[in-house]
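Chain by chain, the residues run as shown.
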Amino acid sequence: MASASDIGVSAAINVLTAIAFLLAFAFLRLQPINDRVYFPKWYLRGMRDSPISSGAAVQKFVNLDMRSYFKFLNWMPAALKMPQDELINHAGLDSVVYLRIYLTGLKIFVPITILAFAVLVPVNWTNDTLESMKVVFTPIDKLSISNIPNGSKRFIAHLAMAYFITFWTCYVLMREYEIVTKMRLRFLAAEKRRPDQFTVLVRNIPPDPDESISELVEHFFLVNHPDHYLRHQVVYNANKLADLVEKKKKMRNWFDYYQLKYERNPSERPTTKTGFLGCFGSKVDAIDYYKSEIEKIGKEEAEERKKVMKDPKSVVPAAFVSFRSRWGAAVCAQTQQTSNPTIWLTEWAPEPRMVQSLANIEGIEKALPFLKPLIEVRSIKSFIQGFLPGIALKIFLILLPTILMFMSKFEGLVSQSSLERRSASKYYIFLFFSVFLGSIITGSALEQLKTFLHQSANDIPRIIGVSIPMKATFFITYVMVDGWTGIAGEILRLKPLIFFHLKNSFLVKTEKDREEAMDPGSICFDSTEPRIQLYFLLGLVYAAVTPFLLPFILVFFGFAYVVYRHQIINVYNQRYESGAQFWPSVHGRILIALTVSQLTLLGLLSTKDLEEAVPALLVLPVLTFWFYKYCKHRYEPAFVRNPLQEAMRKDTLERAREPNFDLKAYLANSYLHPVFKADDEDDKYSLLDDDGWMGEEVIVPTKRHSRRTTPAQSKQEGSDTLSVPETVHER
């Protein structure tokens, strides 16, 4: 168990490390050679020029302007200056609402921290209960509820604090839900035209012996959505073709590199070797070699493309269906298509773009007894107790999101946003049971094992009730490692910095390569949001139990807000935009944390001979659940369904402003598999048909046993034509 001096050592280490990271960042970001690492977003948008391209040789690598070093902290106010509306236009609503999670933490915990230190800390400290009990404790534990004697009237303060925490948290959450809902609706209303606004993903398409997937989709939607169906694109399994396209891309990159090299020195033709990594084999003309390789792969690619297009086994039972209006797409995406709820499933198309046992010092001595003489050295023991638990847990948690994301991919989720939200749910469940409950239950039980063995069975629940608040010291070390040093490490971007210069030195051949080497990254909602939720959980659980933890959490929320705002403005290039669809999950998990805090306090007071307080506390989880249901019915629909009224309004305005806009041409290749899309200089593989979206109505019989004909006009790109009538005739 970490003592006050251990916490002090940990705080000193983490504060000094964080300061070192920030100073390193302030220096490195000023160097021209690192400009693409710390400002990649502006490069990708074409709004920043590389300082290496001009100036003296030394100035291309080192910033010689001494005045800029005196302003090394100006990135902080700069990160806070950009107004919210401008930030939404610059980075998207997802990024702005993600920042509101940190602001929500500050809004919740600042008043709670002030009240807890003004009321609960004096109430807890002015007792000597722990000194009279045979348990292991530290001065920090005297600030906790464990230092209150059983049956004391002082518990009224903790009971009142629980009510304040509940009502204040719910108030802040309701206000935030309302604000985010308005932001989402305003964002959707002002959003520019995008293919996903008109497109629905259809899954679980039933097989038909007489029609292909493509024909079946067209027939179904022309019959059931005759006035709104526009076109569709079936989904292909083209992994082999994708490999060929990627191989051709690499060859073309080498060709461009040698072509540029030859243009700079026309007197000498560049050469290469045909063997492994260009180091072995016969020596040939590099330009001619890569040109012939591109042509060879191009032929293989064309053959494989034709094979995939003709092979029914390459088509999966899913399709992207586009409509003539947002209203038509909204109706289809938000309704059940048939009487069988397991087939023809529709949804909006996505946007086309281990540890605790060794964390205690006693555990290390038992597992590795030969280290005991070294560990017992005071300075080393303080280092291990105050620093090791948090860093060991941090390393493991870094690796876990990748595993969970891999698992989520097997659940059939098609969009990156839904995949990250599902993975985030799994990660939060793991953090809750393994990190939070596991650390409290197993850690406290092991630390008090000797006490348990010498007490009667009736006293064990009481001792556990005393021990749980003492586990706050472990979480304090974790907060400092992850929430202080970890966030400072995020802005330093050490890994991207190293990888960029390695790639730039050995792999970059063209400007396109240099852009790809920048690696701006993104928010990574699947890993960052559950970790934020762990801080909400710790803060709410320990607010009325061990308030000493709260200032550490406040530092995290404030520091992280500034850092991530800077990263969102200058670094991150978000891969998608969901319109803040993750907020209901954020709201729900905070309420789960609030409920856990209420049940934890309920359990603690029940071991303190204060059974009369149980009914008063039982009211809080019930009120919290009612509040959750209220918000779910009041606000969540705006994050699940799109208003038909808004869809119709945008459709009407668009038709009035652009009456001749060719929507079919606009949507033509939006959801086409990338390997079927045309090269920059060649459009021969484009599957776009030449007719408009309205054509002459014809009646064409389908291939089904029902002998139906179908209304209207729609040419299936890359497959046999199947048209649609206004009415359905029986033969």
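The rules behind each value
Residues numbered from 1 in each chain as written. Predicted model: local features only at pLDDT ≥ 70, side-chain atom pairs only at ≥ 80, totals over all residues. Heavy atoms only, no water. Buried < 20%, exposed > 50% of the residue type's maximum accessible area, 1.4 Å probe, protein only. Helix = DSSP H or I, 4+ residues; strand = E, 2+ residues; numbered from the N terminus. Contact = heavy atoms within 4.5 Å. Salt bridge = Lys/Arg side-chain N within 4 Å of Asp/Glu carboxyl O. Phe/Tyr/Trp six-rings, centres within 6.5 Å; stacked < 30°, edge-to-face > 60°. Lys NZ or Arg CZ within 6 Å of the ring centre and 35° of its normal. Axes fitted to C-alpha atoms, helices over the stretch in contact; angles between N-to-C directions. Parallel < 35°, antiparallel > 145°, perpendicular 65-115°, else oblique. Nonpolar A, V, L, I, M, F, W, Y, C, P; charged D, E, K, R; others polar. Patch = residues over 30% accessible without salt bridge, like charges linked within 9 Å, V, L, I, M, F, W, Y side chains within 5 Å. Areas by Shrake-Rupley, 256 points an atom, 1.4 Å probe, with all protein chains shown as cover. Expected span 1.5 Å × (residues − 1). Pairing = 2+ DSSP bridges. Left-handed = near helix turned anticlockwise from the far one by under 90°. Disulfide = S-S within 2.5 Å.

Asker: When you look at helix 13 (residues 326-333) in this model, what are you seeing that I'm missing?
Answerer: It helps to recall that an α-helix has 3.6 residues per turn; residues three or four apart then point in one direction. The buried count for helix 13 comes to 6 of 8 residues, which makes it a mostly enclosed element. Turning to helix 13, its buried residues number three or more, namely Arg326, Gly328, Ala329, Ala330, Cys332 and Ala333. Taken together, the buried residues of helix 13 touch strand 1 (199-203), helix 10 (213-224), strand 5 (315-323), strand 6 (345-348) and helix 29 (644-657).

Asker: Please explain the pattern of salt bridges as it appears in this structure.
Answerer: Two side chains with opposite charge may pair up if their charged atoms get near one another. Within this structure, the stated rule accounts for 21 salt bridges. The partner of Arg48 in a salt bridge is Asp35, and the shortest N-O contact between them spans 2.7 Å. Here the residue Arg48 occupies a position in the loop between helix 3 (40-44) and helix 4 (66-69), and Asp35 occupies one in helix 2 (residues 35-38), the gap between them amounting to 13 residues. For Asp35, a relative accessible area of 6% translates into the label buried. A salt bridge links Lys182 to Glu178, with the nearest nitrogen and oxygen atoms 3.5 Å apart. Here Lys182 pairs with Glu178, and both are found in helix 9 (residues 155-190), just 4 residues apart, close to one helical turn. Within the structure, one salt-bridge network assembled from shared partners comprises Arg193, Arg326, Asp651, Glu654 and Glu658.

Asker: Help me out: how do you make sense of the packing of aromatic side chains in this one?
Answerer: Aromatic rings considered in pairs are described by the distance between their centres and by the relative angle of their planes. By the definition in use, this model includes 37 aromatic pairs. On the basis of an interplanar angle of 55 degrees and a centroid distance of 6.1 Å, the ring pair of Phe475 and Tyr542 is categorised as tilted. You can see Phe475 sitting in helix 21 (residues 472-492) and its partner Tyr542 sitting in helix 24 (residues 525-543), a full 67 residues away along the chain. On the basis of relative accessibility, which here comes to 0%, the residue Phe475 falls in the buried class. A relative accessible area of 1% means that Tyr542 is categorised as buried. An angle of 20 degrees between the planes, with centres 6.4 Å apart, marks the rings of Tyr478 and Tyr535 as stacked. Pair noted here: Tyr478 is in helix 21 and Tyr535 is in helix 24, with a separation of 57 residues, a long-range link. Put simply, the rings of Tyr98, Tyr102, Phe109, Tyr478, Tyr535, Phe536, Phe556, Phe557, Tyr564 and Tyr572 touch in pairs and so form one group of aromatic residues. Its end group placed over the ring of Phe661, Arg193 keeps NZ or CZ at 3.7 Å from the ring centre. Its end group placed over the ring of Tyr666, Arg193 keeps NZ or CZ at 5.7 Å from the ring centre.

Asker: Would you explain the packing of helix 26 (residues 583-606) against helix 27 (residues 613-634) in this entry?
Answerer: A pair of packed helices is captured by two measures, namely the crossing angle of their axes and the spacing between those axes. Between helix 26 and helix 27, whose axes approach to 9 Å, the crossing angle comes to 170 degrees. Taken together, the axes of helix 26 and helix 27 lie roughly antiparallel to each other. For the pair formed by helix 26 and helix 27, the contact residues are His587, Gly588, Leu591, Leu594, Thr595, Gln598, Leu599, Leu601, Leu602, Leu605 and Ser606 on the first element and Ala613, Val614, Leu617, Leu618, Leu620, Pro621, Thr624, Phe627, Tyr628 and Cys631 on the second. A class-by-class count of the residues in the contact of helix 26 with helix 27 yields 15 nonpolar, 6 polar and no charged.

Asker: What is the right way to read a nonpolar patch on the surface from this model?
Answerer: Nonpolar side chains collect at one region of the surface, where Leu494, Ile498, Phe499, Leu502, Phe506 and Leu507 lie side by side and expose about 640 Å² of accessible area between them. Within the element layout of this structure, Leu494 appears in helix 22 (residues 494-506). Judged by relative accessible area, Leu494 falls into the partly exposed class, the value being 46%.

Asker: Please clarify how helix 25 (residues 550-570) should be interpreted in this entry.
Answerer: When the terminal C-alpha atoms of helix 25 are compared, their 31 Å separation across 21 residues agrees well with the 30 Å that a helix rising 1.5 Å per residue should span. Within helix 25, 18 of the 21 residues are buried, which leaves the element mostly enclosed by the surrounding structure.

Asker: Even after reading the chapter, I still don't get the sheet that holds strand 2 (residues 229-236), so can you show me in this structure?
Answerer: Sheet strands line up and pair through hydrogen bonds in the backbone, either parallel or antiparallel. Here 4 strands make up an open sheet; going across it, the order is 2-5-1-6 and the pairing antiparallel. Edge strands, defined here as strands with exactly one partner in the open sheet, are strand 2 and strand 6. Strand after strand, the sheet turns through a mean of 30 degrees between neighbouring axes, direction not considered. Pairing between strand 2 and strand 5: 7 bridges, direction antiparallel. Within the sheet, the bridge partner assigned to His232 lies in strand 5 and is Val321. The strands touched by helix 10 within the sheet are strand 1, strand 2 and strand 5, with strand 2 carrying the most contacts at an inclination of about 155 degrees.

Asker: Even after reading the chapter, I still don't get the pairing of strand 1, so can you show me in this structure?
Answerer: Each regular strand shows side chains that alternate between the opposite faces of the sheet. Of all 5 residues that make up strand 1, 4 are buried, and the element is covered over most of its length. Here 4 bridges tie strand 1 to strand 6, and the two strands are oriented antiparallel to one another. Bridging from a neighbouring strand, Val202 pairs with Thr346 of strand 6.

Asker: Help me out: how do you make sense of the packing of helix 7 (residues 93-125) against helix 25 in this one?
Answerer: Two elements in contact, helix 7 and helix 25, have axes separated by 9 Å at closest approach and are oriented at 160 degrees. Accordingly, the angle class assigned to the pair helix 7 and helix 25 is roughly antiparallel. Taken as a pair, helix 7 and helix 25 cross one another with a handedness that is left-handed. Its residues assigned to classes, the contact of helix 7 with helix 25 comprises 21 nonpolar, 4 polar and 1 charged.

Asker: Sorry, what's going on with unusual backbone geometry here?
Answerer: One non-glycine residue, Trp344, lies in positive phi territory at about 50 degrees. Position of Trp344 among the secondary structure elements: in the loop between helix 13 and strand 6. Non-glycine residue Arg493 carries a positive phi angle of around 55 degrees. As for its position among the elements, Arg493 is in the loop between helix 21 and helix 22.

Asker: Please clarify how the state of the cysteines should be interpreted in this entry.
Answerer: Simply put, disulfide is the name for a covalent bond between the sulfur atoms of two cysteines. This structure, assessed with the given rule, holds 0 disulfides. Note on Cys170: no disulfide assigned, nearest cysteine sulfur contributed by Cys631 at a separation of 7.7 Å.

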